[in-house]
Amino acid sequence: MHAPLRRPVRTLATAASVLVLVVCAANLFATWAAWNTHSVAADYLAGLPGVGEDELLAVDDTALAALWVNLIAIVASVAVFLTWLWRARVNSEAMSNVQHRLSRGWTIGAWFCPVVNLWFPRRIMDDIWRASRPDVPPNHYAAESLPQSPLVRAWWLAVVVDYAVQYLHRIQSRSSEVTLGSIKTQAIYSTISTVLVVVAGVLLVRVIREITGWQAAPVGGPQGDSSGPRPELARPRPDWGGERRS
């Protein structure tokens, strides 16, 4: 029987959620910078007055700044999110008897291993969501037979589609020269990717909040420990000095 001890997750969940939204904002900034670069480049090629090499250098600096902001936001959010995810995995194991389909080490490693990072992270999040539910029967062990989370499914779909969009963008950018058309194509890819990142980010925040709400609830409360009554709690109270029953 698992001990109903849980590590605090609410502060980590809040930090992870904020940083995920910061990543969304950074992507919006990068997309604006991409379209701004295209606009200034088009004006420069059209020979509009007041648009010279200084303006081109300025938009390049803006695009570079957007790249660094995005990179810093991603690194910070990944570090905090994976810390939350690890703690949520440990807590979910203490909350129910549900057997996770992957070992605990994959909670971190799945995100960095090629190929398997296309489905292992979703499987990990799904099992954490399933094992953390307050209505899991105490004698339930198979994660596969429990309902899946629509939020987790939608979140991971957006993530995988964004992977595909970025992969196509890298292939196309390697085989094309820098022209006004290629700058526009980059801006279009950036727009599509940003939409997917924002959708995935909002869904991930909802998943984090849902799992955290279950795990942060008092043990035995409305959304508390779902592993059922402990044997010692189910025993009848002794009759101290009361009348004996026949």
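Residues numbered from 1 in each chain as written. Predicted model: local features only at pLDDT ≥ 70, side-chain atom pairs only at ≥ 80, totals over all residues. Heavy atoms only, no water.

Student: How do you make sense of the overall build of the protein chain when you look at a structure like this?
Tutor: Within the protein chain, the secondary structure is distributed over 7 helices and 0 strands. Counting the 246 residues in the protein chain, one finds 39% classified as buried. Counting only contacts in the protein chain whose residues sit at least 6 apart along the sequence, the fraction spanning at least 24 positions is 76%. When the accessible area of the protein chain is evaluated, it comes to approximately 14,300 Å², of which 64% is carbon and sulfur surface. (Helix = DSSP H or I, 4+ residues; strand = E, 2+ residues; numbered from the N terminus. Buried < 20%, exposed > 50% of the residue type's maximum accessible area, 1.4 Å probe, protein only. Contact = heavy atoms within 4.5 Å. Areas by Shrake-Rupley, 256 points an atom, 1.4 Å probe, with all protein chains shown as cover.)

Student: Sorry, what's going on with the nonpolar core here?
Tutor: Across soluble globular proteins, nonpolar side chains have a tendency to be buried as a group. Grouped together as the largest cluster of nonpolar side chains are 32 residues, with contacts concentrated most on Phe81, Trp84, Met125, Trp155 and Ile211. For this core, the secondary structure elements donating two or more residues are helix H1 (10–45), helix H2 (53–95), helix H4 (120–132), helix H5 (150–174) and helix H6 (180–216). It is H6 that provides the largest number of residues to this core, a total of 8 residues. Non-local contacts of tryptophan 155, meaning those with residues more than four positions away in its chain, are made with Trp111, Met125, Ala200, Leu203 and Leu204. (Core = buried A, V, L, I, M, F, W, Y, C linked by side-chain atoms within 4.5 Å.)

Student: Quick question: what am I supposed to make of unusual backbone geometry here?
Tutor: Glycine aside, residues mostly have negative phi angles, and peptide bonds mostly take the trans form. Unusually for a residue other than glycine, valine 115 sits at a positive phi of about 70 degrees. With respect to the secondary-structure elements, valine 115 resides in the loop between helix H3 (106–109) and H4.

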